[in-house]
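Chain residues, written in single-letter form:
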Amino acid sequence: MPEQRVVEPDYLLLEAPREKKFITGSQAFAEAVKRANVDVAIAYPITPQSETMHLVGDLYAQGYVKDYYRAEEEYGAMSAIAGAVRGGARAFTATSGPGLLRGLEAIVSWPGHRIPAVLGVMTRVVNAPLSIQPDNVEISYLLNSGLVVLHAENQQDVFDFTLAGFVISEKVDVYLPVVVATEGFFVTHAKGYVELPPEDMKLPPRDPYKAPVPPTDCEIPPARIQRDAPVQKSNFMSYLIHAVWQQEVWSANRRAAKWIKHYLGGLIEVVNPDAEVFVVASGCAAAQGREAQRYATMEGLNVGLIKVKSLRPFPVDEIREALKNAKAVIVPEHNIVGWLAKEVKAAIPNSGIVVDGPRVYGGMTLPVELIMEEIYKAFGIKKEKKVVV
Amino acid sequence: MGLEYVRISPGFEKYMPRDYVDLVKYGPFGRKVDVMDMGQFKELVEEHPMCAGCYMAYFIRVFYTALPNPEDTIVIGTAGCARLALSQAAVPFIYGNYGDTNAVASGLKRALSIRFPDKHKDVVVIAGDGGLIDIGFGMTMHSWFRREKFTTIMVDNEVYGNTGGQESGMSPKGVQLKMAPLGKKFDKINAVELAKTAGCVYVARISPTNPKRIAKTIRRAILAARHFGPTFIHAYTSCNIEYSIPTREVLADARKREKQDFKFYEWMTDEVKEFLEEVERKEKQEVKK
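Since the structure is predicted, the reported quantities are computational estimates derived from the model, not experimental observations.

A. Here's a closer look at the domain arrangement of chain A. All names here are of chain A. Each assigned domain of chain A is listed with its residue range as follows: domain 1 (5-209) and domain 2 (268-379). Taken over C-alpha atoms, the centre of domain 1 sits 26 Å from the centre of domain 2. Contacts between domain 1 and domain 2 engage 23 residues on the former and 23 residues on the latter. Interface area for domain 1 against domain 2, summed over the two sides, is near 1,800 Å², with a carbon-plus-sulfur share of 59%. When the area that domain 1 buries against domain 2 is broken down by residue, the three leading residues are Leu 143, His 151 and Glu 153, summing to 37%. Applying the counting rule to domain 1 against domain 2 returns 3 salt bridges. The salt bridge partner of Lys 307 is Asp 157, with a shortest N-O separation of 2.6 Å.

B. Inspection of the UniProt feature "domain: Thiamine pyrophosphate enzyme TPP-binding" (unreviewed entry) in chain B at higher detail. As annotated by UniProt and renumbered to match this structure, "domain: Thiamine pyrophosphate enzyme TPP-binding" (unreviewed entry) occupies residues 92-234 of chain B. Segment residues 92-234 of chain B splits into 39% helix and 17% strand. End C-alpha atoms: 22 Å apart.

C. Structural context of unusual backbone geometry. Cis geometry is found at the peptide bond from Thr 47 of chain A to Pro 48 of chain A, where omega equals 5 degrees. Of note, Pro 48 of chain A is situated in the loop between β3 (40-43) and α3 (50-62). With an omega dihedral of 0 degrees, the bond running from Ala 128 of chain A to Pro 129 of chain A counts as a cis peptide bond. Mapped onto the elements of the fold, Pro 129 of chain A is located in the loop between β6 (118-123) and α7 (139-142). In this model, Cys 218 of chain A sits at a positive phi of 60 degrees, which is unusual for a non-glycine residue. Tracing the backbone shows Cys 218 of chain A in the loop between β10 (201-202) and α9 (235-264). Backbone geometry at Met 179 of chain B places phi at a positive 70 degrees, although glycine is not the residue there. As for its placement among the helices and strands, Met 179 of chain B is situated in the loop between β4 (151-156) and α7 (191-198).

D. Spotlight on the interface of chain B and chain A. Across the boundary between the two partners, chain B contributes 47 residues, which contact 40 residues of chain A. Counting each side, the surface lost to burial between chain B and chain A is near 3,400 Å², with a carbon and sulfur contribution of 55%. Our count for the contact surface shared by chain B and chain A stands at 5 salt bridges. The closest approach of N and O atoms between Lys 119 of chain B and Glu 219 of chain A, which form a salt bridge, is 3.1 Å. At the boundary of chain B with chain A, the tally comes to 12 residue pairs in polar contact (both at pLDDT 80 or more). The set of elements that each furnish at least two residues to the side of chain B that touches chain A consists of α1 (18-26), β1 (73-77), α3 (81-86), β2 (93-95), α4 (101-115) and α6 (137-145) of chain B.

E. Fine view of the packing of helix α10 (residues 284-298) of chain A against helix α13 (residues 368-379) of chain A. Residue and element names in this part refer to chain A. Running from N to C, α10 and α13 cross one another at 55 degrees; their axes reach a closest spacing of 9 Å. What the angle tells us is that α10 and α13 run oblique. The element α10 and its partner α13 pack so that their crossing is right-handed. Together, Gln 288, Gly 289, Glu 291, Ala 292, Tyr 295 and Ala 296 of α10 and Val 368, Ile 371, Met 372 and Ile 375 of α13 make up the contact between the two elements.

F. Up close: a nonpolar patch on the surface. Residues and elements named next belong to chain A. Nonpolar side chains collect at one region of the surface, where Ile 336, Val 337 and Tyr 361 lie side by side and expose about 250 Å² of accessible area between them. Looking at where Val 337 falls in the secondary structure, it is placed in the loop between β15 (328-330) and α12 (339-347). Judged by relative accessible area, Val 337 falls into the partly exposed class, the value being 34%.

G. Just the environment of Arg 86 of chain A, in detail. Here Arg 86 of chain A shows up in helix α4 (residues 74-86). Arg 86 of chain A sits in the buried class, given a relative accessible area of 14%. In this structure, the C-alpha to C-alpha distance between Arg 86 of chain A and Ile 115 of chain A, residues 29 residues apart in sequence, is 6.9 Å. Setting aside residues up to four positions removed in sequence, Arg 86 of chain A forms contacts with His 113, Ile 115, Pro 215 and Thr 216 of chain A together with Ile 94, Tyr 95 and Leu 108 of chain B. Among the polar contacts made by the side chain of Arg 86 of chain A, one reaches the side chain of His 113 of chain A at a distance of 3.2 Å.

H. Quick look at the sheet that holds strand β7 (residues 148-151) of chain A. Residue and element names in this part refer to chain A. Spatial strand order, β4-β3-β5-β6-β8-β7-β14: 7 strands in an open sheet with mixed pairing. Either end of the sheet is taken by a strand with one partner, and the two such strands are β4 (67-70) and β14 (310-312). With strand direction ignored, the average angle separating the axes of adjacent strands in the sheet is 20 degrees. The sheet contact formed by β7 and strand β8 (residues 178-183) spans 4 bridges and is parallel. Each bridged residue has a counterpart across the sheet, and for Leu 150 the counterpart in β8 is Val 180.

I. A look at the sheet that holds β1 of chain B. Residue and element names in this part refer to chain B. Strand order across the open sheet formed by 7 strands is β2-β1-β3-β4-β6-β5-β7, with mixed pairing between neighbours. A single partner strand is all that each edge strand has here, and the edge strands are β2 and β7 (265-268). Taking the axes of each pair of neighbouring strands and ignoring which way they run, one obtains an average angle of 15 degrees across the sheet. Of the pairings in the sheet, the one linking β1 to strand β3 (residues 122-128) comprises 4 bridges and is parallel in character. Looking at β3, one finds that Val 75 is bridged to Val 124.

J. Region of interest: the side chain of Glu 258 of chain B. All names here are of chain B. Position of Glu 258 relative to the elements: it lies in helix α9 (residues 250-260). A distance of 3.0 Å separates polar atoms of two side chains, one belonging to Glu 258 and the other to Thr 209. Excluding anything up to four places from it in sequence, Glu 258 contacts Ser 207, Thr 209, Arg 213 and Lys 263.

K. How the structure looks around the packing of aromatic side chains. Residues and elements named next belong to chain A. One pass over the full model with this rule turns up 11 aromatic pairs over all chains. Arranged with centres 4.9 Å apart and planes meeting at 45 degrees, the rings of Phe 22 and Tyr 193 form a pair that is tilted. Residue Phe 22 is located in strand β2 (residues 19-24), and its partner Tyr 193 is located in strand β9 (residues 191-196); the two are separated by 171 residues in the primary sequence. Take Phe 22: its relative accessible area is 44%, and that puts it in the partly exposed class. A relative accessible area of 55% places Tyr 193 in the exposed class. Summarising the aromatic geometry, the rings of Tyr 60 and Tyr 68 are spaced 5.8 Å apart at their centres and angled 25 degrees between planes, so their arrangement reads as stacked.

Parameters at a glance
Starting afresh in each chain, residues are numbered from 1 along the sequence in its written order. Just so you know, chain letters begin at A and ligand numbers begin at 1, following the order they were written in. Given that the model is predicted, a residue must reach a pLDDT of at least 70 before its local features are reported, and side-chain atom pairs must reach 80 or more before they are shown or counted; all residues, however, enter totals for whole chains, interfaces and linings. Values shown for side chains rest on all heavy atoms present in the structure; no hydrogens or waters enter the calculation. The split of the chain into domains comes from an automatic or database domain assignment. Should any heavy atoms of two residues lie within 4.5 Å, those residues are considered in contact. Buried area, as used here, totals the accessible surface that two parts lose on assembly, with accessibility defined by a 1.4 Å probe and the loss added over both. Salt bridges are defined as contacts in which a side-chain nitrogen from Lys or Arg sits within 4 Å of a carboxyl oxygen from Asp or Glu. UniProt positions are given in the numbering used here, feature names are shortened, and annotations may be inferred rather than shown by experiment. Runs of H or I in DSSP of at least four residues are treated as helices and runs of E of at least two as strands, each being numbered from the N terminus. In protein, a polar contact means a hydrogen-donor-capable atom and an acceptor-capable atom, both N or O and within 3.5 Å, with residues adjacent in sequence counting only if both atoms are side-chain atoms; elsewhere, any N or O pair within 3.5 Å suffices. Angles shown run from 0 to 180 degrees and are taken between the N-to-C directions of axes, each axis being a line fitted to C-alpha atoms and, for helices, limited to the stretch in contact. Every angle not falling under 35 degrees, over 145, or within 65 to 115 is termed oblique; those three ranges are roughly parallel, roughly antiparallel and roughly perpendicular. The crossing is said to be left-handed when, going from far helix to near helix, the turn is anticlockwise and less than a right angle, and right-handed when the turn is clockwise. Here a patch means residues that are over 30% exposed by relative accessible area and free of salt bridges, tied together within 9 Å if like-charged and within 5 Å if nonpolar (Val, Leu, Ile, Met, Phe, Trp, Tyr). Working definition of accessibility: Shrake-Rupley area with a 1.4 Å probe, residue cover restricted to the visible protein chains. Throughout this description, buried means an accessible area under 20% of the type-specific maximum (1.4 Å probe, protein chains only), exposed means over 50%, and partly exposed covers the range between. At least two DSSP bridges between two strands are required for those strands to pair. The pairing test for Phe, Tyr and Trp rings, Trp by its six-membered ring, is centres within 6.5 Å, and the orientation test on the planes gives stacked under 30 degrees, edge-to-face over 60, and tilted for anything in between.

Written as C-alpha cells, this is what we have:
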C-alpha cells in the first residue's frame, strides 16, 4: 500500500490528474473506497454485490480501511454501519436486491438518525421467481426514504459518485446517507474505462463534530442528551417532533442538490437540448438511451437524451426546463413498475407526452431497438426501420 | 474528554435545574459511588415512565450507579420497556431498530476503538428477552461469536411487556399469555449456557434481590468486556402488570424466583478471574488508605 496523503475533496474530485484504467464496476467501487479514507466497512454477501465487498476486504488487509467484517446478515450489517457512523466513523457497505430489502428497516432509519454513510446498491431481482439478474425495481423502495440516491450509468459513474458520495453525505447541510446504485452484472462484472486520480491521495478524515447531530461518543455536552427523546412525550408532541424532523430530512435531501452539481456536474446530463423527442433514463438504461439517441441522429431524427444522475433529490426543475419544448418523452427502464416514468410524469405539466417504456425486467437486457421503436412511433414513422450500425 | 461534559459552565450554576446540579455534585461521574448513595442524585427517581412497582426500573437505577466509567459509557437499547427508563438517564443512549442492539453495539464499539485507542469507552446493551433472544437472536449470538468487547444485559421480564403481554422465548413453559392462548409450548431458553457456548468470557444470572451484588456483577461484566471479550448478564426483572404481581410483593416474587430459577450464578474464564481479583484487590487497598 502506498502512503497516502490527505488532499482536499475539491482537489481529489475535480483537479487531480487522472489516469485511464480498464476495470469492472466492482473494482470502481473499491477504487473509490481506496481513496475515501474509510474507517469501517461491514457487509453481508449477496450476488452480485459480493465481489465489491471482497475487494474492499482486500483494501482492509492492505491497510486502506481500518476495520472490516462479514456481518451475520444484512439487517446486522446495516445496523452495525449505523452504530459505527454514530460513533464518529466513516463507513461503507453494499448490497443487492433481497439483501437490500432484508436490511431496509435499518437503512430507512439512517436518514432520521442522520447517518452519513455510503451504500452501494448493485441492483438485482427482488420478486419471485428467483433470479440473480439486474432488475432495478429495488430502487423504488429507496426513493421515499430520505436517502440521497444516485444512479450510475457505467464504471466511471460508479467511481465518481461513490467518492463524491462520501463528501456530499458529510456536508453539514446535508448529513444524510448516499446510495450509489448501479445495475448488477451489467456494470459490476463488466469492464469499462475509468479515469482515476492517484491512489496515493485520500480524502481528509471524517470530522464528526462538524455535524448537525453530534456523534454518540461521550465527548459532547449536555449529559442528558436523550432526555427529551420524542418517543417519551405525549402523542401530540411525538407526532409533531417526528413531522418536523422528517421535513428537515427532506430539506437536507434537497440541499444535497448544490453539492451534486458541484462535484458531479449536475443532477442531469442533457444531450441535444433542442430536440423534439427525448429519451429520459437513468443507470444502464441511460447508456442504452445514449445509443438510441446516436442512432436516431444518424437517421436524421431530432432526438435528445436526459440522463438522470440524481434520483433523490429528484431534478424536478431541471427536467421541467429541459422538456419544456418536447413533443414526446420516452422513459426506458429496467423494472416492471416504471418508477422513473412516474417521477418524470409528476415533474412536468403535460404528463400525457410521456411514453411508459420500453421496460424490461427480470434482468433482461434492454435492446436499443426497443427504444428506437418508441422513437419512430413518436415521430409518426409507421414503417419499422432497421438500426444503422 | 470524559468528565468535561458533565460539568456546569461557570456562571450558569444558579440557572441549572436542581436535579442537574445534584447529578454533577453527587452523581457517579468521575468517582466511585456506592448503591447506598443513590438517593443523593436524581437518576430515575422521578419521571421515569415505567409502571408503578416495575422491578426493571429498580434494576436500571442500580445499573447506572454501578457503571465503572459512566462519563465514557454509551447504553444501547431496543424497543421494549427498558428503553423507556434508559433514555431518561444522564448517560448517552442509542435506541436502534427492532432487535438490532448487538449489531449497533458492534459497529459503535469498533468506531470508538478506532477513534479513541487509548481510552476506555464502555458500550453496554440493555434489552429485554424479546429483543435479545427472539427478534435479535442472530445479532446477539454473532456479536458473541465475533468476540465483540461489550456487555450485554438481558432484563428478563419473561414477556413482551411493552406491546401488551405476548409470550416470549424466555416465558416459562405452560404459562398462558397473549399469543400463547393454550400456554407456552416450550421451555425457557437457556440464555446463560448459550452465552458461554457462544464465547462470552463472563456470564452471570441474577435475581436482583441484593443491590450490592447487582452492582458488583455489572461492574465485573463491564471491566471484563473491556479487555477480554463479550460478557453477559441474565437478570430477572419481573413484569408486575402482565404476571399480576401486586406492587408490594414484587421483591418477594424476586426472592421466590431466585430460589426457583434464578439462583445467583457467575462464571468467568480463568484470565478474567485473575484480572478481576487483581482489580478488586487494588480497590480494597485504596479504600484502606
